[in-house]
Amino acid sequence: MRSETRTIFLTGASGLLGRSLMARWTSVGHRVRALSRRTQPESADPNIDWICGDLTQEGSWSSSLDGVDVVVNLAGEPISEGRWTETRKEELRHSRIRGTQRLVQAIGASAKPPEVLINASASGYYGPRFEENLVETSSAGDDFLASLAKDWEAAAGGVEVFGTRLVRLRFGTILSARGGALLRMLPIFRTGLGGPLGPKEFFAPWIHVEDAMGFVDWGMAQTGLSGPVNAVSPEPIRMGEFAHRLGRAVHRPAFFPVPTFLLKVVLGEMGGSLFPGQRVDPQVAMDRGYPYRFPDLEGALADLLG
Ligand SMILES: NC(=O)c1ccc[n+]([C@@H]2O[C@H](COP(=O)([O-])OP(=O)(O)OC[C@H]3O[C@@H](n4cnc5c(N)ncnc54)[C@H](OP(=O)(O)O)[C@@H]3O)[C@@H](O)[C@H]2O)c1
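All of these numbers come straight from a predicted model, not from anything done at the bench. (Residues numbered from 1 in each chain as written. Predicted model: local features only at pLDDT ≥ 70, side-chain atom pairs only at ≥ 80, totals over all residues. Heavy atoms only, no water.)

Turning next to the packing of helix α6 (residues 239–249) against helix α9 (residues 297–305). Contact pair α6 / α9: the axes reach a minimum separation of 10 Å and the direction vectors enclose 35 degrees. Pair α6 / α9 crosses with right-handed handedness. Every residue of α9 that contacts α6 at Phe 242, Arg 245, Leu 246, Arg 248 and Ala 249 is listed here: Leu 297, Glu 298, Leu 301 and Leu 305. Looking at the contact of α6 with α9 residue by residue, the classes come out as six nonpolar, no polar and three charged. (Axes fitted to C-alpha atoms, helices over the stretch in contact; angles between N-to-C directions. Helix = DSSP H or I, 4+ residues; strand = E, 2+ residues; numbered from the N terminus. Left-handed = near helix turned anticlockwise from the far one by under 90°. Contact = heavy atoms within 4.5 Å. Nonpolar A, V, L, I, M, F, W, Y, C, P; charged D, E, K, R; others polar.)

Now the structure itself:
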């Protein structure tokens, strides 16, 4: 991102990544218009304006797009909450796909479309692929999460006709000390019941939250960058090794697979498919020299659990 301060419209602002990004941006003087469906307490920070609105519905939130430089779209019903009934699957899809379609429409109707839309997506785009090396040009998978990510990305694609650059960040599991998968896994590992979350030979794409934020900022700054970007660590790691290192970080053994029922209790329906076996290669980031802060799991866990 250019060094001057920017005005950023952020959806999913109340979420794990959204809150971390707001703190980071306001510390360097950016202004944030933060969308949430819930009325949020007024921020003590004058650079944060909370906007109450539902992305899937038309509403006055769309007028807040006027005058923004950047849009970052993270909104979506949490994937790991609730059972994946047909109704829940439809909510997961609707919140992202309909929401993003409405966002794109609103961008088109704004006085001056933003320079760039950074749209979240997920490494789940590729579906379970085992040993295949997955780069950004690899095809999409065909399971539920893959078609969700594919359709979400396609919905965001509509923004390009307005001259807005589009970067689609395919995040691996975001590791943070403030929430998400790591905090859900920790109790199992701390009681010594931790182990591979699924077959130990499966690859497990992950990213430290600092780098997840770093990818968002990098996507804004790289004016020549558009299209999909694998936002994952550069070190391919298998589930067995992931569990071993997490166990070591909390000083507990972690050799035996976590039973599926326990995975589902702790991680929700996606417990079994949190790491479905994808070797995701961040080729675009490596080719363009994204400066990772936490490229290896050992360093990431030491930072997060230290
Ligand atoms: N965390 C991960 O490991 C991971 C991995 C891959 C991809 N991703 C994707 O990256 C995005 C950000 O992740 P995250 O972990 O920060 O997500 P999160 O904590 O679940 O937050 C998502 C946010 O979306 C908002 N939202 C949901 N439906 C909405 C709607 N209809 N209109 C407006 N806002 C809506 C919610 O805000 P309100 O309830 O306040 O409206 C919520 O705060 C997500 O879409 C996720 O699918 C995350």
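This is not the end of the story, as more comes after the structure.
Within a beta sheet, neighbouring strands are joined by backbone hydrogen bonds and run either parallel or antiparallel to one another. In spatial order, the strands read β3-β2-β1-β4-β5-β7-β10; together these seven strands make up an open sheet with parallel pairing. Since the sheet does not close on itself, it has two edges, and those belong to β3 (48–52) and β10 (227–231), each with one partner. Taken over all neighbouring pairs, the strand axes of this sheet differ in orientation by 20 degrees on average, direction set aside. Across five bridges, strand β7 (residues 165–171) lies against β10 in parallel orientation. The residue of β10 that forms the bridge with Arg 170 is Asn 230. On top of the sheet, helix α3 (residues 144–157) reaches β4 (70–73), β5 (116–122) and β7; it is set at about 170 degrees to β5, its chief contact. (Pairing = 2+ DSSP bridges.)

Take helix α7 (residues 260–267) next. Along an α-helix, residues three or four apart share an orientation, since each turn contains 3.6 residues. Buried residues of α7: Leu 262, Leu 263 and Leu 267, and no others. For α7, the angular spread of the buried residues around the axis is 105 degrees, confining them to a single face. Opposite the buried face of α7, at more than 90 degrees from it, the exposed residues are Phe 261 and Val 265. Backbone geometry just downstream of α7 places Gly 268 in the positive-phi region, at approximately 80 degrees. (Buried < 20%, exposed > 50% of the residue type's maximum accessible area, 1.4 Å probe, protein only. Arc of directions from axis to C-beta.)

Here we come to the site of the ligand. Around the ligand, 26 residues are found, and the nearest of them are Ser 14, Leu 17, Ser 36, Asp 54 and Leu 74. Measuring from an oxygen atom of the ligand, one finds a backbone N or O atom of Leu 16 at 2.9 Å. At 2.5 Å, a side-chain N or O of Ser 36 approaches an oxygen atom of the ligand. Elements represented by at least two residues in the shell around the ligand include exactly α1 (16–27), β5 and β8 (173–175). With three residues, the top contributor of residues to the shell around the ligand is β5. Class assignment for the residues of the shell around the ligand results in 11 nonpolar, 10 polar and five charged. (Near = heavy atom within 4 Å. Polar contact = N/O pair within 3.5 Å; in protein donor to acceptor, adjacent residues only side chain to side chain.)

Right, let's talk about the packing of aromatic side chains for a bit. Under the definition given, this model contains nine aromatic pairs. Centroid distance Tyr 125 to Tyr 126: 5.2 Å. Interplanar angle 85 degrees. Geometry classified as edge-to-face. Like Tyr 126, Tyr 125 is buried. Members of the aromatic cluster, each reached through a chain of ring pairs, are Phe 215, Trp 218, Tyr 290 and Tyr 292. Its guanidinium or amino end placed over the ring of Phe 144, Lys 89 lies 5.3 Å from that ring's centre, counting from NZ or CZ. The ring of Tyr 125 is capped by Arg 170, whose NZ or CZ atom sits 3.6 Å from the centre of that ring. (Phe/Tyr/Trp six-rings, centres within 6.5 Å; stacked < 30°, edge-to-face > 60°. Lys NZ or Arg CZ within 6 Å of the ring centre and 35° of its normal.)

Tracing the backbone shows Glu 153 in helix α3. If sequence neighbours within four positions are ignored, Glu 153 has contacts with Ser 121, Tyr 125, Arg 168 and Arg 170.

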